[in-house]
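# Remarks on the overall topology
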Amino acid sequence: MVEDDGRTAGAKADMNDYDIFATSPDEVLQDSATLRADDWRLLLRLSLPRVLNEPRGGSRKRALVVDVETTGLSPAVDEVIQLAMLPFIYEPETGRILEIEHDCAFEGLREPATPISDEAMLVTGITQETLESRRIETKVVEEIVAGVDLVVAHNAAFDRLMVEKHWNCFAEKPWSCSLASVDWLREGYSAGKLDYLGMRFGWFYDAHRALADCEACLALLAQELPVSGRRVMSVVREAAFREEHLICAVDAPFDLRLRLKERGYRWRPAELPSGKVWWTITLDPETEIAWLRSEIYGREATVPTRKVTAMNRFSERIC
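Since the model is a prediction, treat every value here as computed from it, not as a measurement. (Residues numbered from 1 in each chain as written. Predicted model: local features only at pLDDT ≥ 70, side-chain atom pairs only at ≥ 80, totals over all residues. Heavy atoms only, no water.)

Of the regular secondary structure elements, the protein chain holds nine helices and twelve strands. For 319 residues, the compact-globule estimate of 2.2 N^0.38 gives 20 Å, and the C-alpha radius of gyration of the protein chain, at 22 Å, lies within 12% of that figure. With respect to the three principal axes, the spread of C-alpha positions in the protein chain is 70 × 50 × 40 Å. Across the 319 residues of the protein chain, 50% fall into the buried class. Within the protein chain, counting contacts between residues at least 6 apart in sequence, those at least 24 apart form 69% of the total. When the accessible surface of the protein chain is totalled, it reaches about 15,900 Å², and 49% of it is carbon and sulfur. Each charge class in the protein chain can be summarised by its mean position, and for the 39 positive and 54 negative side chains these summaries are 5 Å apart. (Helix = DSSP H or I, 4+ residues; strand = E, 2+ residues; numbered from the N terminus. Rg over C-alpha atoms; globule rule 2.2 N^0.38 Å. Buried < 20%, exposed > 50% of the residue type's maximum accessible area, 1.4 Å probe, protein only. Contact = heavy atoms within 4.5 Å. Areas by Shrake-Rupley, 256 points an atom, 1.4 Å probe, with all protein chains shown as cover. Lys, Arg positive; Asp, Glu negative; His and termini not counted. Charge placed at Lys NZ, Arg CZ, Asp CG, Glu CD.)

Structure below.
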């Protein structure tokens, strides 16, 4: 656990019942080190137990952490080369992670039709030769996905697009994102990268292999946020089931594009389906439509909207 100053000090008794580290700080630190506690930080290898917390009588649900490695970073042309899935049991009322189903975890490789980029090979260590004749059975993926009520990824805007290209079962489940659903800056973190957050919470792991990233994401879900005091899993689940709206600024004047960008609108390129449009997602569509009509169109323009839920969020279907 990370205290307010960011040092690793072991898990708080009231957070998780069992530790997530491969060793204990007491096995590493000398007594004299605690006298200079402001001068060091300790990182321990992540090692998730099977049971993280004992149940306290609440309801139990099963969720799934997903991570992929791909041939590159373009959802339009690149493919999945490695898929990992790690199911877990949690309490929806408290966000406490109860059991981590290591025995049901999956990690598999698939040979792509798209060549692997040099950058992907450097990051993952996976080569074209490694993937020859490798495939992931759709039935195996479907069996794991079928029994969960929520899919979580640490960059769902990318991971969901990639897995739905290959396995339709992912489109049938609600999704959430441990990167986008938490205001990491307001919680005191300068970035939301998984390995950086892990170091801030006191662990390191072998990043950029799909199952290791799943374990790191799950460890993150079990943490308590330092400012809000909420568990990450509670924030992520709440965000998943929040109803939002997609707003499309169709035919917005070109010379006002900077105002749209300043307000958080993003450009969807013309080569994509339903492209050539500025768009944003909001909890308050009436206010956003009024702003567009007043500040962008200067008239009572028709503004297309679409409901965004956990079933289509982070997917191409919202477009």
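Turning our eyes to something else, we now look at the pairing of strand β6 (residues 150-153). Covered by surrounding structure in β6 are Leu 150 and Val 152 together with Val 151 and Ala 153, the residues of both alternating faces. When strand β2 (residues 61-70) meets β6, the two strands line up parallel, connected through three bridges. Note that in β6 the partner of Ala 63 across the bridge is Leu 150. Where β6 and strand β7 (residues 175-177) come together, three bridges link them in parallel fashion. Within the sheet, the bridge partner assigned to Val 151 lies in β7 and is Trp 175. Between the parallel elements β6 and β7, the chain passes through helix α4 (residues 156-166) in a crossover that is right-handed. (Pairing = 2+ DSSP bridges. Right-handed = clockwise from strand over helix to strand, strands pointing away.)

What follows deals with the nonpolar core. Core analysis: the biggest nonpolar cluster contains 43 residues, and Phe 88, Ile 97, Trp 184, Trp 203, Leu 218 and Leu 221 have the highest contact counts within it. Of all the elements, helix α6 (residues 210-221) adds the most residues to this core, at ten residues. (Core = buried A, V, L, I, M, F, W, Y, C linked by side-chain atoms within 4.5 Å.)

Taken in spatial order, the four strands make up an open sheet running β10-β11-β9-β12, and their pairing is antiparallel. Of all strands in the sheet, those bounded by a partner on one side alone are β10 (266-268) and β12 (305-308). Each strand axis lies, on average, 35° off the axis of its neighbour in the sheet, ignoring direction. Packed onto the sheet, helix α9 (residues 285-297) meets β9 (244-249), β11 (277-282) and β12 and runs at close to 15° relative to β9. (Axes fitted to C-alpha atoms, helices over the stretch in contact; angles between N-to-C directions.)

Another point: the environment of Glu 93. Considering the arrangement of structural elements, one finds Glu 93 in the loop between β3 (80-90) and β4 (97-100). Residue classification places Glu 93 among the exposed residues on the basis of a relative accessible area of 54%. The spacing of Glu 93 and Lys 307 is 214 residues in sequence and 26 Å in space, taken between C-alpha atoms. If we skip the residues at most four places from it in the chain, Glu 93 touches Gly 58 and Ser 59. A polar contact of 2.5 Å, which involves the side chain of Glu 93, links it to the side chain of Ser 59. (Polar contact = N/O pair within 3.5 Å; in protein donor to acceptor, adjacent residues only side chain to side chain.)

Looking now at the packing of helix α5 (residues 194-201) against α6. Axes are the key here: two packed helices are described by the angle between their axes and the distance separating the axes. Relative to each other, α5 and α6 sit at 50°, their axes nearing to 10 Å. The orientation of α5 relative to α6 falls into the category oblique. The two elements α5 and α6 meet at a crossing, and its hand is left-handed. The segment α5 lies against α6, with Leu 194, Leu 197 and Phe 201 engaging Asp 213, Ala 216, Cys 217 and Leu 220. (Parallel < 35°, antiparallel > 145°, perpendicular 65-115°, else oblique. Left-handed = near helix turned anticlockwise from the far one by under 90°.)

We now examine α9. Restricting attention to buried positions, one finds in α9 the residues Pro 285, Glu 288, Ile 289, Trp 291, Leu 292, Ile 296 and Tyr 297. Summarising the contacts, the buried residues of α9 are in contact with β9, α8 (257-262), β11 and β12. Positive phi appears at Gly 298, one or two residues downstream of α9, with a value of about 70°.

A few words on the pattern of salt bridges. In the structure shown here, the tally under the stated rule is 21 salt bridges. Arg 96 is paired through a salt bridge with Glu 91; the nearest N and O atoms lie 3.2 Å apart. When its relative accessible area of 3% is taken as the criterion, Arg 96 is described as buried. With a shortest N-O distance of 3.4 Å, Arg 293 and Glu 300 are connected by a salt bridge. Linked by salt bridges that have partners in common, Asp 17, Arg 56, Glu 91 and Arg 96 make up one network. (Salt bridge = Lys/Arg side-chain N within 4 Å of Asp/Glu carboxyl O.)

Positive phi, normally seen in glycine, also occurs at Ser 274, with a value near 55°. The phi angle at Lys 276 is positive, at roughly 60°, despite the residue not being glycine. Positionally, Lys 276 belongs in the loop between β10 and β11. Lys 276 gets classed as exposed once you look at its relative accessible area, which sits at 60%.

By themselves these figures say nothing about function.
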